[in-house]
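In case you want the letters, here they are:
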Amino acid sequence: MPEVISVELHHIGLVPSDPEHLGRVLLEIVGASELPRSDGHRDFALGRTVLRLHDAALEEVPEDGRPLRYLALRAPDLGEVTARVEAAGLDAAKGRGRDGRGEILLRPEQWGGIPLVVTDSALPGGDPGTAGERPTSGRKVDHVGVACEDLQLVRDRFCGTLGLLKESEETDTEMLVPVEQFTSDKYGSWMATQRRKASTSAIRALFVTLSDLELEFLEDADPDGGPTAGAAAASEGTEAPRGGSQGADSRVISRHIERFGPGLAHLAVAVPDVDTALRQAHEAGAELVDSQGRGGARRSQIGFLHPRSTGKLLIHFVEHPERW
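Residues numbered from 1 in each chain as written. Predicted model: local features only at pLDDT ≥ 70, side-chain atom pairs only at ≥ 80, totals over all residues. Heavy atoms only, no water.

A.B. asks: Just to check I follow, could you spell out the environment of W111 for this structure?
C.D. replies: Residue placement: W111 occurs in the loop between β7 (102–106) and β8 (116–119). For W111, a relative accessible area of 0% puts it in the buried group. Those residues within four positions of W111 in sequence are excluded, and the remaining contacts are V85, L90, L106, L116, R157, F158, T161 and L162. (Helix = DSSP H or I, 4+ residues; strand = E, 2+ residues; numbered from the N terminus. Buried < 20%, exposed > 50% of the residue type's maximum accessible area, 1.4 Å probe, protein only. Contact = heavy atoms within 4.5 Å.)

A.B. asks: It is not clear to me how helix α6 (residues 274–283) should be interpreted in this structure. Could you clarify?
C.D. replies: An α-helical segment advances 3.6 residues per turn. Residues three or four places apart therefore align on the same side. For α6, the full list of buried residues reads V274, A277, L278 and A281. Taken around the axis of α6, the buried residues stretch over an arc of 100 degrees, which confines them to a single face. Each element contacted by the buried residues of α6 is listed here: α1 (19–30), β17 (301–305) and β18 (315–319). The first or second residue beyond α6 is G285, which carries a positive phi of 110 degrees. (Arc of directions from axis to C-beta.)

A.B. asks: Hey, could you run me through unusual backbone geometry in this one?
C.D. replies: Phi is mostly negative for residues that are not glycine, and the peptide bonds are mostly trans. Unusually for a residue other than glycine, S211 sits at a positive phi of about 55 degrees. Note on placement: S211 falls in the loop between β13 (198–210) and β14 (213–220). Backbone geometry at K312 places phi at a positive 70 degrees, although glycine is not the residue there. If you trace the backbone, K312 turns up in the loop between β17 and β18.

A.B. asks: In this structure, what is going on with helix α3 (residues 151–161)? I would like to understand it.
C.D. replies: Among the residues of α3, L151, V154, R155, R157, F158, C159 and T161 are the ones counted as buried. Where α3 begins, the side chain of D150 points an oxygen toward the backbone nitrogen of Q152, at a separation of 3.2 Å. The first or second residue beyond α3 is G163, which carries a positive phi of 75 degrees. (Polar contact = N/O pair within 3.5 Å; in protein donor to acceptor, adjacent residues only side chain to side chain.)

A.B. asks: Explain the side chain of H143 here, please?
C.D. replies: Mapped onto the elements of the fold, H143 is located in strand β9 (residues 140–147). When its relative accessible area of 4% is taken as the criterion, H143 is described as buried. Among the polar contacts listed, one links the side chain of H143 to the side chain of D142, at a separation of 2.6 Å. A polar contact of 3.0 Å, which involves the side chain of H143, links it to the side chain of E216. Ignoring sequence-local partners within four residues, the contact set of H143 consists of E214, E216, H266, L267, A268, R298 and H316.

A.B. asks: Got a minute to help me understand the sheet that holds β8 in this structure?
C.D. replies: Within a sheet, neighbouring strands are paired by backbone hydrogen bonds and run either parallel or antiparallel to one another. Strand order in the open sheet formed by eight strands is β2-β3-β4-β1-β5-β8-β7-β6, and the pairing between neighbours is mixed. A single partner strand is all that each edge strand has here, and the edge strands are β2 (33–34) and β6 (93–96). Relative to β8, β7 runs antiparallel, the two sharing four bridges. Its bridge partner being in β8, I104 is matched across the sheet by V118. In this fold helix α2 (residues 78–87) packs onto β6, β7 and β8, with an angle of close to 20 degrees to the strand it touches most, β7. (Pairing = 2+ DSSP bridges. Axes fitted to C-alpha atoms, helices over the stretch in contact; angles between N-to-C directions.)

A.B. asks: What's the story with the packing of aromatic side chains in this structure? I'm lost.
C.D. replies: Aromatic ring pairs are reported here in terms of the distance separating the ring centres and the angle at which the planes meet. According to the stated counting rule, one finds three aromatic pairs in the structure shown. Centroid distance W111 to F158: 5.4 Å. Interplanar angle 85 degrees. Geometry classified as edge-to-face. Note that W111 is positioned in the loop between β7 and β8 and F158 in helix α3, a separation of 47 residues in sequence. Here the aromatic rings of F182 and W190 are separated by 5.0 Å at their centres, their planes lie at 10 degrees, and the arrangement is stacked. You can call F182 partly exposed: its relative accessible area is 28%. (Phe/Tyr/Trp six-rings, centres within 6.5 Å; stacked < 30°, edge-to-face > 60°.)

A.B. asks: Hey, could you run me through the confidence of the model for the protein chain in this one?
C.D. replies: Close inspection of predicted coordinates is inappropriate in any region flagged by low pLDDT. The predicted model of the protein chain averages 83 in pLDDT, with 79% of residues at 70 or higher. Below pLDDT 50 for its whole length, residues 128–132 participates in six contacts with residues either more than four positions away or in separate chains. For the stretch residues 223–242, pLDDT sits under 50, and the model shows 36 contacts to residues farther than four places along the chain or on other chains. (pLDDT = per-residue confidence, 0-100.)

A.B. asks: Before we go on, may I ask you to explain the pattern of salt bridges in this structure?
C.D. replies: Where charged atoms from two side chains of opposite charge come close, those side chains can pair. Going through the model one piece at a time under the given rule, you end up with 15 salt bridges. The residue D91 makes a salt bridge to R107 at a minimum N-O spacing of 2.4 Å. Residue D91 is located in the loop between α2 and β6, and its partner R107 is located in the loop between β7 and β8; the two are separated by 16 residues in the primary sequence. Residue D91 is classed as partly exposed on the basis of its relative accessible area, which comes to 33%. Here D290 and R294 are joined by a salt bridge, their closest N and O atoms 3.0 Å apart. Here D290 falls in the buried class, since its relative accessible area comes to 11%. Overall, R294 belongs to the buried group, its relative accessible area being 13%. Where salt bridges share partners, they join D142, E167, E214 and R298 into one cluster. (Salt bridge = Lys/Arg side-chain N within 4 Å of Asp/Glu carboxyl O.)

Rendered as structure tokens:
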């Protein structure tokens with residue numbers, strides 16, 4: 001197992017075209033708490049995670065309009081991180097942040113399309129456990145979704161080079177099962193399921209722990225391996241999650257990479273009841289993709305908000321009965 005180095009999440013960087021609108025979404029729909037304002041940006045807390053909303057007037061707003069832009073990591077020893085990165089044959093550009101503290105810039109193309117900044121600055125709003133501990137909301141970030149082209153590469157980078165821990169890995173395969181129907185005027189009707197199965201699509205997911213959330217790397221996969229969610233649940237004698245459209249999800253990943261390239265894709269917020277969270281979001285003015293929860297990764301129930309009403313930030317709620 002790789003040596004674990006001291007790296008944690010500092011903040012998630014958001015650069016929206018309409019900061020005021022996205023700020024209202026975070027407060028009124030997502031359930032975040034606002035932290036004291038810093039120069040050039042606003043900070044919002046979701047659990048122990050800080051979402052940094054940059055002022056569009058001071059930043060170059062991306063042409064594609066997607067607000068989810070980068071991850072900032074914190075490491076007390078930047079030299080240790082630089083040595084690990086360069087020993088792996090990767091680039092680590094040294095720079096200075098706005099506060100004058102040192103930082104390292106890691107090239108997105110070497111890290112699964114994710115722009116990464118590593119800083120030695122203190123955590124926004126004060127370190128946990130101190131008198132200045134930052135406020136937290138009743139909700140937390142469950143994971144950050146990443147559209148991925150090469151799962152092995154990101155596993156090597158994040159688990160190998162940075163030494164982050166793998167939380168879990170899974171394959172979700174959607175299959176077509178031929179069914180034959182018989183109808184007789186004497187013996188009645190019955191159906192038989194043929195043994196032959198035809199795979200249609202598959203997604204592989206790797207969850208890597210970063211502070212108190214996970215990075216969820218999603219890759220369209222060869223649909224020739226792994227049980228469906230229902231088959232896995234049946235083999236363990238437990239109830240399968242409510243079904244979703246895995247094939248539709250895999251097409252979303254493909255379209256995301258075709259349009260934007262690999263990288264940060266969505267923000268997932270943990271809730272105790274996904275149906276209630278979706279209803280409350282709709283009542284607060286959010287347009288929904290899912291009117292009720294459907295089966296997601298790690299035996300969860302998920303429900304997406306439409307990015308038209310969230311300032312193009314793709315958000316979904318996630319309910320983990322067995323995890324939380």
